[in-house]
Amino acid sequence: QRIVSHQVDVIVDHHQRELGPASPEAFARVREALLGYRFYPATVMVRRAQFEEEQRPSRIGDRLGLGLFLPNLPGLNPLCLAAIVEISVLTDEPGLVRLGYTTTARHYGQGEWVATVSERDGKMHLEVQCHIRPSRWFVWCGLPLYRYFQLGAFHAGYGNLLRLAGTPAQLRNEQTY
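Reading guide: rules and limits
- Residues numbered from 1 in each chain as written.
- Predicted model: local features only at pLDDT ≥ 70, side-chain atom pairs only at ≥ 80, totals over all residues.
- Heavy atoms only, no water.
- Helix = DSSP H or I, 4+ residues; strand = E, 2+ residues; numbered from the N terminus.
- Expected span 1.5 Å × (residues − 1).
- Buried < 20%, exposed > 50% of the residue type's maximum accessible area, 1.4 Å probe, protein only.
- Phe/Tyr/Trp six-rings, centres within 6.5 Å; stacked < 30°, edge-to-face > 60°.

This next bit is on helix α1 (residues 24-35). Each α-helix turn comprises 3.6 residues. Residues three or four places apart therefore point the same way. For α1, spanning twelve residues, the distance from its first C-alpha to its last is 16 Å, which sits close to the expected 16 Å at 1.5 Å a residue. Within α1, the full set of buried residues consists of A26, F27, V30, A33, L34 and L35. Backbone geometry just after α1 places Y37 at a positive phi near 50°.

Here you go:
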């Protein structure tokens, strides 16, 4: 079920990146991470997945509990911004995997996020589309900072998929920025 908003989205992203050469092994690792919503490394976001608790594959309608880590004062643990999303897009075909979610009322924004990994021309390609409108006062007040952390999270997630794809470290460092 998609969230339909008659308001204008404040943040609209469309990222396209190459993940490196396609191979059955590399695609399988990236596929498993995406379908399990392990796009982001655990240093950026933790998640709790309904489908894992039930020991089954993810499916449309599953809910994910997310915790986005935000830096805190030196010497203190990071803050954890909690949210709940619902899987609304799911594709698992040879050479194509896609996972997307819509936000719920227990999220700090209203919108949708969709990540796609495909094999084309002997390479793996990542596409992430996102549109969101803040729904909490603290996000509106800190919108530039929120945006900074959001883009940082994308780069960390992209770097995580590059690592899983087996892209050499030197190329990963060049491609994430």
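Back to the text.
Taking 1.5 Å as the rise per residue, helix α4 (residues 143-165) with 23 residues should run 33 Å; its terminal C-alpha atoms sit 33 Å apart, in good agreement. Two residues or fewer after α4 comes G166, characterised by a positive phi angle close to 85°.

As a further point, take the packing of aromatic side chains. Summed over the entire model, instances satisfying the criterion amount to twelve aromatic pairs. Residues Y101 and W113 carry aromatic rings whose centres are separated by 5.4 Å and whose planes lie at 20° to one another, so their mutual orientation is stacked. With Y101 in strand β5 (residues 96-103) and W113 in strand β6 (residues 109-120), the pair connects residues that are twelve residues apart, well separated along the chain. The same class applies to Y101 as to W113, namely buried. Their ring planes at 0° and their centres at 6.2 Å tell us that F154 and Y158 sit as a pair that is stacked.

Such coordinate-based values are descriptive only and should not be taken to indicate function.
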